[in-house]
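Residue-level listing of the chains:
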Amino acid sequence: MHGQNGPDLFSGSDPEDDLLAQLPPFVAPVAASRGAVVADATSLRITEAIHDAFGDLSSERGLTRSELEAACSAVASPEAFDQRFGVFVALRLLERVREKAHEGRYVFNPTSGAALLVFERLAEAGGVEEIMSLLDRTQRDVASGVLDEKELVRRLRRVRRDLRITTDYLLRRVRSRPIEELLGQRQHHRAKAPLMVNAQRLVEVVSRDFPGLRTNETHLIREALRYSAAVDEFYDRLLAQASTRRDFSMLPAEQYRTAALTSSMAALAGVFSEVVFDPPAIQASPAGTLEAAAKHRPPAPRRRAAPPPEPAPGPDPVETARARAAALREQRLAAMELLIGGQDEADLTQALRGRSWTAAVTMLARALRASADPSVPFMVQVSGGLAIDPAGPVTYASPVSLFAGVDPARRRTSSTPTRPLADGFTHRRFWNTAPADSTSPASPRRDDLEPAYW
């Protein structure tokens, strides 16, 4: 929302025009006549272009007039460049590389570069920036001990006088000038808080090192407070005008951002307490409508699962499979106990080499399968070595060892002593305690097991 009776943030005066308006009072202390200051921005543009050319292209040998004219061709006509070039040489903005009449190469005087920086600060912050700079320099010099009392008093008086002049000038404009003139001063008085901080720090340092200058400190603080009150009055008038015109562009955007970040919710809501808003229009596309309908559609009725079928007559196939697996484990356990022969470990290499190739491979494969069964407490280990017997039934084989470890829950009745292992199992020795011709299940024979397992 913009005001209709005056300029806003986006239709303010040209920054070049603002700077040109401040140049005459700035140059007045050293001007030879009232016409010493240019009335348009062409000279500033030419100076900036020459400065940039030396900063980008120059070497120790300098630049020629033709090179400078080419650098300024985008901002000034050849006639305007010729007119200003003579002035720049006469005022030593441009100096000849050698002091000879025929010398055609020039260098840029750094003092003129410093003047451009001052002009830039003048356009951005007015004279308040220079007052802050003097406060900061004085504080550093006092802290480092390079200022005597006489020079310190001179600087304190200078800051106090500049603050009084700036405050009186601002108050006169706030109380008597139209709002359009005040809008151009907004950026010149944004450093009120930093200026007060710098003044306070300077007073603290001076009070510590120069306690006899209390009167000067008091006068400085008084003028700083007057300037702060004048800035508040300046912005109060801008706010009153903005409220009357309903124009939010009266203040810079940074101040609205600061208010949004630091003000309370009630204060922010009060800005729109008297604003009437139209109800928002409903914007619904066909695709959005279909998507919303799909999200809020009632779920489809859930179908109940069919009851499980009645089991078929006869034995349970699951129990049959379990019984078959238990019988296979018993066969594997009995076969492994027969192979180990009641020892904690046994070497199966000779037993394998004494068989045919088919029988040896079958015996080793079944032993490995039994070792892989977690419920069978035996482990088969195949070594990386190799035994070769060209005349034997098995011409070559790797050493194979069998190790026993029995879970206490599966311990069988035996008079053989046991010894515990670290993993909770025990070693047991199993051997045939019955006669050789006995058919007791506790003493299976190799001939009985081999047809069924091996």
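Cut-offs used in this document
- Throughout this description, residue numbers start from 1 for each chain and increase along the sequence as written.
- Given that this is a predicted model, residues contribute local features only at a pLDDT of at least 70 and side-chain atom pairs are listed and counted only at 80 or more, while totals for whole chains, interfaces and linings are drawn from all residues.
- Just so you know, side-chain values use all the structure's heavy atoms and leave hydrogens and water out.
- Between any two strands, at least two bridges found by DSSP are needed for them to pair.
- For helices the rule is a DSSP run of H or I covering at least 4 residues; for strands it is a run of E covering at least 2, with both sets numbered from the N terminus onward.
- In this analysis an axis means a line fitted to C-alpha atoms, helices contributing only their contacting stretch, and an angle means the value between N-to-C directions, from 0 to 180 degrees.
- Residues count as neighbours in contact if any of their non-hydrogen atoms are within 4.5 Å of one another.
- In this scheme, patches are assembled from residues that exceed 30% relative accessible area and form no salt bridge. Like charges are connected within 9 Å, while nonpolar side chains (Val, Leu, Ile, Met, Phe, Trp, Tyr) are connected within 5 Å.
- Surface accessibility in these figures is a Shrake-Rupley result with a 1.4 Å probe; residues are shielded only by whichever protein chains are displayed.
- The term salt bridge refers to a pairing of a side-chain nitrogen on Lys or Arg with a carboxyl oxygen on Asp or Glu at a separation within 4 Å.
- Positive charge is attributed to Lys and Arg, negative charge to Asp and Glu, and no charge count is given to His or to the chain ends.
- Taken as the charge centre is NZ of Lys, CZ of Arg, CG of Asp or CD of Glu, depending on the residue.
- Per-residue accessibility, obtained with a 1.4 Å probe over protein chains only, is compared with the maximum for each type, and a residue is labelled buried under 20%, exposed over 50%, and partly exposed between these values.
- The nonpolar core is taken to be a set of buried Ala, Val, Leu, Ile, Met, Phe, Trp, Tyr and Cys residues, with the residues joined through side-chain atoms within 4.5 Å.
- Any two of the Phe, Tyr and Trp rings considered here, Trp counted by its six-membered ring, make a pair once their centres fall within 6.5 Å; the pair's planes then place it as stacked at under 30 degrees, edge-to-face at over 60, or tilted in between.
- Polar contacts, as used here, are pairs of N or O atoms within 3.5 Å; protein pairs need one atom able to donate a hydrogen and one able to accept it. Residues neighboring in sequence count only if both atoms are side-chain atoms.

**As for the sheet that holds strand 8 (residues 400–404)**
Logical step 1: The strand order 4-8-5 describes an open sheet built from three strands, whose pairing is antiparallel. In this open sheet, the two edge strands, each paired with only one partner strand, are strand 4 (345–347) and strand 5 (378–382). Each adjacent strand pair in this sheet contributes to an overall mean axis angle of 20 degrees, direction not counted.
Logical step 2: The strands that helix 16 (residues 357–372) touches are strand 5 and strand 8; relative to strand 5, the one it contacts most, it runs at about 130 degrees.

**A short note on a negative patch on the surface**
Logical step 1: Negative charge collects at one region of the surface, where Glu48, Asp52, Asp56 and Glu120 lie side by side.
Logical step 2: Top element by residues in the negative patch is helix 2 (residues 42–57). It accounts for three residues.
Logical step 3: Using a relative accessible area of 66% as the deciding quantity, one classes Asp56 as exposed.

**Digging into the nonpolar core**
Logical step 1: Leu152, Leu163, Leu195 and Leu220 are the most contacted members of the largest nonpolar core, which totals 34 residues.
Logical step 2: Only helix 6 (128–144), helix 7 (149–176), helix 8 (179–183), helix 9 (192–209) and helix 10 (214–245) provide two or more residues apiece to this core.
Logical step 3: Grouped together as the second largest cluster of nonpolar side chains are 19 residues, Met336, Ala346, Ala370 and Val394 included.

**Re the pattern of salt bridges**
Logical step 1: Following the criterion strictly, the structure yields 16 salt bridges and no others.
Logical step 2: In this structure, Arg92 engages Glu95 in a salt bridge whose closest nitrogen and oxygen atoms are separated by 3.3 Å.
Logical step 3: With a relative accessible area of 54%, Arg92 lands in the exposed category.
Logical step 4: With its nearest N and O atoms 3.7 Å apart, the salt bridge here joins Arg353 to Asp389. Here Arg353 is found in helix 15 (residues 349–353), whereas its partner Asp389 is found in the loop between strand 6 (387–388) and strand 7 (396–397), with 36 residues between them in sequence.
Logical step 5: Salt bridges linked by common partners bring Asp141, Glu151, Arg154 and Arg155 together as one network.

**Observations regarding the sheet that holds strand 1 (residues 63–64)**
Logical step 1: The antiparallel open sheet is built from three strands, whose spatial order is 1-3-2. Lying at the two open borders of the sheet, with one neighbouring strand each, are strand 1 and strand 2 (94–96).
Logical step 2: Examined bridge by bridge, strand 2 and strand 3 (residues 105–108) share three bridges and lie antiparallel to one another. The residue of strand 3 that forms the bridge with Glu95 is Val107.
Logical step 3: Running over the sheet, helix 4 (residues 78–90) touches strand 2 and strand 3 and is turned about 70 degrees from strand 2.

**Some remarks on the side chain of Thr167**
Logical step 1: Within the secondary structure, Thr167 is located in helix 7.
Logical step 2: Sequence-distant contacts of Thr167, defined by excluding residues within four places in its chain, comprise Glu223, Arg226, Tyr227 and Ala230.

**Digging into the packing of aromatic side chains**
Here the distance between the centres and the angle between the planes together describe a pair of aromatic rings.
Logical step 1: By the definition in use, this model includes five aromatic pairs.
Logical step 2: A ring pair is formed by Phe85 and Tyr106, whose centres lie 5.2 Å apart and whose planes are at 90 degrees; its orientation type is edge-to-face. Placement of the pair is Phe85 in helix 4 and Tyr106 in strand 3, with a sequence separation of 21 residues. Each member of the pair, Phe85 as well as Tyr106, carries the same accessibility label: buried.
Logical step 3: Aromatic side chains Trp357 and Tyr396 sit 5.5 Å apart centroid to centroid with 65 degrees between the ring planes, which places their arrangement in the edge-to-face category. Residue Trp357 is found in helix 16, and its partner Tyr396 is found in strand 7; the two are separated by 39 residues along the sequence.
Logical step 4: Among the aromatic residues, those joined into a cluster by ring pairs are Phe81, Phe85 and Tyr106.

**Looking at the pairing of strand 3**
Logical step 1: Only one face of strand 3 is buried, namely the one carrying Tyr106 and Phe108, since none of Arg105 and Val107 on the opposite face is buried.
Logical step 2: As paired strands, strand 1 and strand 3 are joined by two bridges and run antiparallel to one another. The residue of strand 3 that forms the bridge with Leu63 is Tyr106.

**Concerning the environment of Arg164**
Logical step 1: Its place among the elements puts Arg164 in helix 7.
Logical step 2: Exposure remark for Arg164: the relative accessible area of 41% places this residue in the partly exposed category.
Logical step 3: With 58 residues separating them in the primary sequence, Arg164 and Arg222 have C-alpha atoms 9.5 Å apart.
Logical step 4: Not counting chain neighbours up to four residues away, the residues in contact with Arg164 comprise Glu223 and Arg226.
Logical step 5: Within the structure, the side chain of Arg164 is placed 2.9 Å from the side chain of Glu223, a separation counted as a polar contact.

**Thoughts on unusual backbone geometry**
Logical step 1: Unusually for a residue other than glycine, Arg92 sits at a positive phi of about 65 degrees.
Logical step 2: One can find Arg92 in the loop between helix 4 and strand 2.

**Notes on the side chain of Asn216**
Logical step 1: Mapped onto the elements of the fold, Asn216 is located in helix 10.
Logical step 2: Relative accessible area serves as the criterion here: at 18%, Asn216 is assigned to the buried category.
Logical step 3: When residues no more than four places from it in sequence are discounted, the contact partners of Asn216 are Val153, Leu156 and Arg157.

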